[in-house]
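This is what each chain is made of:
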Amino acid sequence: GVEMSRNQQTLHLVFSTNWKLPEGKGKAIDPNVVKKLPAEYQKAVRQLLVEKPLCCELCDRKFIALLAKVARKSGMEVVRWPISGPEAWENLRRAASSGEMAAGAAAVLLHAWHGGYEKECVPAWDYYPVLEAIAAKQVLLYPSANLDRLHSEKRYQSALMAPTQFLNFTRRCGKSDWHVKSQTVAEVAKRALEHLEA
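Below you will find a few notes about this structure. Starting from 1, residues in each chain are numbered consecutively following that chain's sequence as written. Note on the predicted model: pLDDT of at least 70 is required for a residue's local features to be given, and 80 or more for side-chain atom pairs to be given and counted; whole-chain, interface and lining totals, by contrast, use all residues. As a rule here, side-chain values come from all non-hydrogen atoms in the structure, and water together with hydrogens is ignored.

**Some thoughts on the nonpolar core**
Point 1. Joining through side-chain atoms within 4.5 Å is the link that ties buried Ala, Val, Leu, Ile, Met, Phe, Trp, Tyr and Cys residues into a set, and such a set is a nonpolar core. With a 1.4 Å probe rolled over the protein chains alone, any residue whose accessible area is under 20% of its type maximum counts as buried; one over 50% counts as exposed, and the rest are partly exposed. Formed by 19 residues in total, the largest nonpolar core has its most connected members in Val14, Trp89, Leu92, Val108, Leu110 and Ile134.
Point 2. Whether two residues touch is decided by their heavy atoms; if any such pair falls within 4.5 Å, the residues are in contact. Not counting residues up to four positions away in its chain, the partners in contact with isoleucine 134 are Leu92, Ala96, Met101, Ala106, Val108 and Leu140.

Structure below.
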């Protein structure tokens, strides 16, 4: 892995600038209609439809500002990498691969998903090559496996979600099949379906 030395005091903040009214039933919500609403309704519409992240509060613009403030207070130089779409994302990949992105730490405050470039989300097929290019030369603060696990466990153990069970798949060296608690995946899947039908 990449390690950050004391003289590498740079934090790269990668974040979306794609905060606009979302698409609604095939066409964008007309901003002119929103402007005709009373001020308190306009503010509510912005908070609900524009400023609220699609997936994760860690990608919220307020959190990004807080992270930058704390990094600066700690003596780090904060370099911002605003992402508005595919061209900016590709430029980031080039910068990460070429060394233009100075060595340091990086927080990629965007997520992969199945759609296009919307709010803090990037198409998965574009997302991972860039994330890997950044992780190859930076200390990756976010996303991180530990934070993702905590985030997922919090979400799936929430009272607002249906009960969830975690399955730990294992595969022994030299074996091609996966096991869950010493049973094959096919056996576990059959038991899970029986449990659901009961």
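**A few points about unusual backbone geometry**
Point 1. Cis geometry marks the peptide bond from tyrosine 142 to proline 143; its omega dihedral reads 0 degrees.
Point 2. With respect to the element layout, proline 143 can be found in the loop between β8 (139-142) and α6 (145-156). The helix and strand labels rest on DSSP assignments: H or I over at least four residues marks a helix, E over at least two residues marks a strand, and numbering proceeds from the N terminus.

**Considerations on the sheet that holds strand β1 (residues 10-16)**
Point 1. The pairing criterion is simple: DSSP has to find at least two bridges between the two strands. Strand order in the open sheet formed by four strands is β4-β1-β5-β8, with parallel pairing between adjacent strands. Every interior strand has two partners, whereas the edge strands, β4 (77-83) and β8, have only one. Direction aside, the axes of adjacent strands within the sheet are offset by 25 degrees on average.
Point 2. Across seven bridges, the pairing between β1 and β4 is parallel. Each bridged residue has a counterpart across the sheet, and for serine 16 the counterpart in β4 is isoleucine 83.
Point 3. To get an axis, a line is fitted to the C-alpha atoms, and for a helix only the part in contact is used. The angle between two axes follows their N-to-C directions and goes from 0 to 180 degrees. Strands β1, β4 and β5 (105-108) of the sheet are contacted by helix α4 (residues 86-98), whose axis makes an angle of about 140 degrees with β4.
Point 4. Along the sheet, helix α5 (residues 124-137) contacts β5 and β8; its crossing angle with β5, the most-contacted strand, is approximately 165 degrees.

**A word on the packing of α4 against α5**
Point 1. Axis separation between α4 and α5 bottoms out at 8 Å; the angle between their running directions is 25 degrees. Judged by the inter-axis angle, α4 sits roughly parallel to α5. The handedness of the crossing between α4 and α5 is left-handed. Taken together, the residues of α5 that come into contact with α4 (itself represented by Trp89, Leu92, Arg93, Ala96, Ser97 and Ser98) are Asp126, Tyr127, Val130, Ala133, Ile134 and Lys137. The cut-offs work like this: below 35 degrees is roughly parallel, past 145 is roughly antiparallel, 65 to 115 is roughly perpendicular, and the gaps in between are oblique. When the near helix sits turned anticlockwise from the far one by under a right angle, the crossing is termed left-handed; a clockwise turn instead gives a right-handed crossing.

**Examining the pattern of salt bridges**
Point 1. Here, a salt bridge means any Lys or Arg side-chain nitrogen found within 4 Å of an Asp or Glu carboxyl oxygen. Across all of its chains, the model carries two salt bridges by this definition.
Point 2. The shortest N-O distance in the salt bridge between glutamate 90 and arginine 93 comes to 2.5 Å. Of this pair, glutamate 90 and arginine 93 both sit in helix α4, three residues apart, roughly one helical turn.
Point 3. A salt bridge links arginine 94 to glutamate 90; the shortest N-O distance between them is 3.8 Å. One end of the pair is arginine 94 and the other is glutamate 90, both in helix α4 and four residues apart, which spans about a single turn.

**Focus: the side chain of histidine 12**
Point 1. Locating histidine 12 in the fold gives a position in strand β1.
Point 2. The contact partners of histidine 12, leaving out residues within four places of it in the chain, are Val79, Trp81, Met101, Ala102, Ala105, Ala106, Ala107 and Gln138.

**What to know about the packing of aromatic side chains**
Think of a pair of aromatic rings as described by two things: how far the centres are apart, and how the planes are tilted against each other in angle.
Point 1. Two aromatic rings from Phe, Tyr or Trp, using only the six-membered ring of Trp, form a pair when their centres are within 6.5 Å; if the ring planes differ by under 30 degrees the pair is stacked, by over 60 it is edge-to-face, and anything between is tilted. Enumeration over the complete set of coordinates arrives at two aromatic pairs.
Point 2. Taken together, a centroid distance of 5.8 Å and an interplanar angle of 10 degrees make the contact between tryptophan 89 and tyrosine 127 stacked. Separated by 38 residues along the polypeptide, tryptophan 89 in helix α4 and tyrosine 127 in helix α5 bring together distant segments of the chain. The two residues tryptophan 89 and tyrosine 127 agree in class, both being buried.
Point 3. Ring plane angle 85 degrees and centroid distance 5.0 Å describe the contact between tyrosine 127 and tyrosine 128, whose orientation is recorded as edge-to-face.
Point 4. For tyrosine 128, a relative accessible area of 44% puts it in the partly exposed group.
Point 5. Three or more aromatic residues joined by ring pairs form one cluster here, namely Trp89, Tyr127 and Tyr128.

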